[in-house]
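If you want the building blocks of each chain, they are given just below.
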Amino acid sequence: MAIESRSTPTTADGPPSSSPGASAGSKRSDGVTIAGIALRTPYWVFTGAVGLIFLAPLVWTAVASVSPLAGTNQVDGWGFGNYETLSAYQAGIWRYLGNSAFVSLLTVALTLTISFLGGYAFARFKFPGKNILFLVTLAILMVPYATLLIPLYVLLNQVGLQNSLVGVALVLTMFQLPFSTFLMRISFEAVPRQLDEAAMVDGCSSFGALWRVLLPAVKPGLITVGLFAFLAAWNDFMAPLILINDTERMTLPLAVSNLRGQVQGVVDYGATEAGVVVLALPCIVLFLLLQRHYVRGFMSGALKG
Amino acid sequence: MTVTAPSRPPSAAKRGRARPRGRQALLGWLYATPTAVFVVALFAIPLLLVVKMSVSKWPLLTGDQGLNAPDNFVKAVNHRFFTDSVVFTIKYTVLATVLLLALGLGLALLVQESSRWNNLLRASFLIPSALGLASASLLFYVLYSPYASPLAPVMDSLGFTFLGSPNAALFSTTFLIVWRYAGFYMVLMLVGLQGIPADVYEAARSDGASRWQTFRKVTLPLLRPTLALTTVLCVTGSLLAFEQFYILTKGGPDNSTITVVQLIYMVAFQGQNDLGVAAAISVIVLAALVLINALQLRAFRSEES
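Residues numbered from 1 in each chain as written. Chains lettered and ligands numbered in written order. Predicted model: local features only at pLDDT ≥ 70, side-chain atom pairs only at ≥ 80, totals over all residues.

### Description of the overall build of chain A
Rules: Helix and strand definitions follow DSSP, with helices as H or I runs of at least four residues and strands as E runs of at least two, each counted in order from the N terminus. Exposure classes come from backbone-placed C-beta atoms, where a residue is buried if 20 or more other C-beta atoms lie within 10 Å of its own, exposed if 12 or fewer do, and partly exposed in between. Distance between backbone-placed C-beta atoms decides contact: two residues are in contact if it is within 7 Å.
Per the secondary structure count, chain A includes 14 helices and 0 strands. Order of helices (α) and strands (β) in chain A, N terminus to C terminus: α-α-α-α-α-α-α-α-α-α-α-α-α-α. For chain A, buried positions account for 45% of its 305 residues. Considering only contacts in chain A between residues 6 or more positions apart, those separated by 24 or more positions represent 72%.

### Some thoughts on the overall build of chain B
When you go through chain B residue by residue, the secondary structure sums to 13 helices and 0 strands. Each helix and strand of chain B, ordered N terminal to C terminal, gives the series α-α-α-α-α-α-α-α-α-α-α-α-α. Summarising its shape, the C-alpha atoms of chain B cover approximately 90 × 75 × 40 Å along the three principal directions. Considering only intrachain contacts with a sequence separation of at least 6, the fraction spanning at least 24 residues in chain B is 68%.

### Thoughts on the domain arrangement of chain B
Accessible area lost upon the coming together of the parts is a frequently used measure of interface size. For the record, the criterion: Bear in mind that the domain bounds are from an automatic or database domain assignment.
Partitioning chain B into structural domains gives domain 1 (15-54) and domain 2 (82-257). Just the C-alpha atoms count here: the centres of domain 1 of chain B and domain 2 of chain B sit 37 Å apart.

### Topic: the interface of chain A and chain B
At the interface, 83 residues of chain A touch 87 residues of chain B. Sort the elements by how many residues they give to the side of chain A that touches chain B and helix α13 (residues 269-289) of chain A lands first, with 10 residues.

### A few points about the domain arrangement of chain A
When the domains of chain A are assigned, the result is domain 1 (2-64) and domain 2 (91-304). Listed by partner, the interface residues are 4 residues for domain 1 of chain A and 4 residues for domain 2 of chain A.

### Section: the packing of helix α7 (residues 165-189) of chain A against helix α10 (residues 219-235) of chain A
All names here are of chain A. For clarity, the cut-off: Interaxial angles span 0 to 180 degrees and are taken between N-to-C directions of axes, which are lines fitted to C-alpha atoms, for helices over the stretch in contact. Roughly parallel refers to an angle under 35 degrees, roughly antiparallel to one over 145, roughly perpendicular to one between 65 and 115, and oblique to any angle outside these ranges. Left-handed describes a crossing whose near helix is turned anticlockwise from the far helix by less than a right angle; the clockwise case is right-handed. Gly counts as polar in this scheme, as do all residues outside two lists: the nonpolar Ala, Val, Leu, Ile, Met, Phe, Trp, Tyr, Cys and Pro, and the charged Asp, Glu, Lys and Arg.
Two elements in contact, α7 and α10, have axes whose closest approach is 10 Å; the angle formed by their N-to-C orientations is 165 degrees. The orientation of α7 with respect to α10, classified from their angle, is roughly antiparallel. For α7 against α10, the interelement crossing comes out right-handed. For the pair formed by α7 and α10, the contact residues are Leu172, Gln176, Phe179, Ser180, Leu183, Met184 and Ser187 on the first element and Gly221, Thr224, Val225, Phe228, Ala229, Ala232 and Ala233 on the second. Of the residues in the contact of α7 with α10, the class split is 9 nonpolar, 5 polar and no charged.

### Observations concerning the packing of helix α3 (residues 82-110) of chain B against helix α7 (residues 166-194) of chain B
Residue and element names in this part refer to chain B. Where α3 meets α7, the axes come as close as 7 Å, and the angle between the chain directions of the two elements is 45 degrees. In terms of orientation, α3 lies oblique with respect to α7. Of the two possible hands of crossing, α3 and α7 adopt the one that is right-handed. Of α7, the residues touching α3 (which contributes Tyr92, Leu95, Ala96, Leu99, Leu100, Leu101, Leu103, Gly104, Leu105, Leu107 and Ala108) are Leu170, Thr174, Ile177, Val178, Tyr181, Ala182, Tyr185, Met186, Leu188, Met189, Leu190 and Leu193. Among the residues making up the contact of α3 with α7, the classes are represented as 21 nonpolar, 2 polar and no charged.

### Some points on the confidence of the model for chain B
Residue and element names in this part refer to chain B. Which entries qualify depends on this criterion: Known as pLDDT, the predictor's confidence for each residue is given on a scale from 0 to 100.
For chain B, per-residue confidence averages 86 on the pLDDT scale, and 93% of positions sit at 70 or higher. Summarising per-element confidence for chain B, the mean pLDDT is lowest in helix α6 (residues 152-158) (75) and highest in α3 (94). Low pLDDT, under 50, characterises residues 1-18; the stretch is placed with 17 contacts to residues that sit more than four places away or in other chains. At the level of chain-chain contacts, confidence expressed as ipTM amounts to 0.84, with global pTM at 0.84.

### So, the nonpolar core
Considering soluble globular proteins, one finds that nonpolar side chains tend to be buried as a cluster. The following threshold applies: Residues enter a nonpolar core if they are buried, belong to Ala, Val, Leu, Ile, Met, Phe, Trp, Tyr or Cys, and are joined to the set through C-beta atoms within 7 Å.
Ranked by size, the top nonpolar core spans 173 residues in total, and within it Ile150 and Val171 of chain A together with Ile264 and Ile281 of chain B carry the most contacts. In terms of residue count, the dominant contributor to this core is α7 of chain B (15 residues). Every residue in contact with Ile281 of chain B, bar those within four places of it in the chain, is listed here: Ala76, Val260, Leu263, Ile264 and Val267 of chain B.

### What about helix α4 (residues 116-130) of chain B?
Filter applied, for reference: Each residue after the first adds 1.5 Å to the expected span of a helix.
In this model α4 of chain B runs 21 Å from its N-terminal to its C-terminal C-alpha over 15 residues, within 8% of the 21 Å that 1.5 Å per residue would give. Those residues of α4 of chain B that fall on the buried side of the exposure criterion are Leu121, Arg122, Ser124, Phe125, Leu126, Ile127, Pro128, Ser129 and Ala130 of chain B.

### Re unusual backbone geometry
Residue and element names in this part refer to chain B. With phi around 55 degrees, Asn255 is a residue other than glycine that occupies positive phi space. On the secondary structure map, Asn255 appears in the loop between α11 (243-248) and α12 (260-269). For Asn255, a count of 16 C-beta atoms within 10 Å corresponds to the partly exposed category. If you check the backbone angles, Asn273 has positive phi at about 50 degrees while not being a glycine. On the secondary structure map, Asn273 appears in the loop between α12 and α13 (275-304). Judged by the 14 C-beta atoms lying within 10 Å of it, Asn273 falls in the partly exposed class.

### Topic: the environment of Gly36 of chain A
Structurally, Gly36 of chain A is set in helix α2 (residues 34-64). Judged by C-beta crowding, with 18 C-beta atoms within 10 Å, Gly36 of chain A ranks as partly exposed.

### Let's talk about the confidence of the model for chain A
Per-residue pLDDT for chain A averages 81, and the proportion of residues at 70 or more is 83%. Counted against residues more than four places away or in other chains, residues 1-31 of chain A, with its pLDDT under 50, gives 49 contacts.

### So, the environment of Met299 of chain A
Inspection of the secondary structure assignment puts Met299 of chain A in helix α14 (residues 291-304). Sequence separation of Met299 of chain A and Asn258 of chain A is 41 residues, and the distance between their C-alpha atoms is 35 Å.

Written as structure tokens, this is what we have:
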């Protein structure tokens, strides 16, 4: 089915060069002829429908969050009643947004700093224990989230970080390290050594070369790392679920999840929709703005295998 | 570490080895220190602690009460939901992996040629993956509800609800996961497909291979590294499923959709409050995961030779 529609026009009059494997740049001319359009139409309809399946739930939620529904704060007419419910929930949405923003930004800052320095160390220096440290960092990927969160809950209690957003950010940073360290290492390795060596010959210290010469060169890698760290921290559910038990300090996903079934077990679906919109909006905006960096992050993950 | 490494004669110092070795090692460690601190404090120590907890009596509120091996493991295996959760998790993993890999590959074949329309399609397949798993689960929680869903009339007339029966709940949750992750696997498959040289397809075509034959005998075998990576990723992710079931089904109906990670959470924080048994299940999960991944990698490798 899918394979069929991939290269429909090749049977018609496609030049032999248009093989399925080749991708970019090999534009075919049969898109403009009437026969080409006729052949292409089922393909467009089919793929368009598949695309719609992916978009429809998002669009529906956005629309439903402002449309009337019995049992919500938006009973008749369109409006932002559900968002009002959301903003009045327990400590208030602004508190939860603030908590989520704090955790996310701290995670991003820590992840960027650690992987920037670590990537430089792994790419440019030889030191005893380097390979072991790198392998152990990657091994974080192999260990289940829950397996680590149980002891982390105990450990954070012992050092006074129980119920703390800083503790959550530290844990989330650790979970980001395999991907970010790996990506920053290959980013630094892709920069020719002559660049930083020239800077050092000119009298830069190694940190000066890192800061002034290499930082601009690895900026795309940093954007990818930062984007993934933000999305992971903003959306994380399990770490705050286990590590936070104070309603004042919950993050937004946890708050929206708890919001269901507050009023005597009756679920306020409207407010939940509003919560999903507030949760999803920053992610979708970032995705649309930084799509290239986003896809590149996935691809570097694939090349590793 | 070392203060030695006297400056070598400049003629001996090649361009690439301008820095003395001891200083280089010291600098390398300096840059790698933040990584090492995080990996040790938040990964290595918790990993050791969870092993210790798994052989200790460790209630949630009172903490360590001394060794009791192997009580926790006996209790874990004899837990009334242990077998059910293992069976359900495996069932879900097989279903999700088969669907996600097939759909990921199908979508990739559908949009692998670069064109405006295909770029638009790729973006729409990928947008759900920017959402958090918790947000996506909340979205579908509303979408599947018999009250607020746009499909409510359909459910009414068919006398069926999306989360009402064990099988319906499993399939509905799997649909959510496919919606959320298909774009991600599509990108990984696209990377793999781009790695297949175009002239292989030329050769297959000039030998008169049909499109299906080409797919079976050329595309699939050459895609094996990508298939290995995606299988490992998907199996690992699915075995550790938590949020989707915690939010969407809460383990119901009739405790039919409890996953292993959910069981860990229940034992640790919901009622039983026994961190020791939770740690024991975590250790079992970790061991199983390492074993399963090793087997998968071996299977893919032996097929190759």
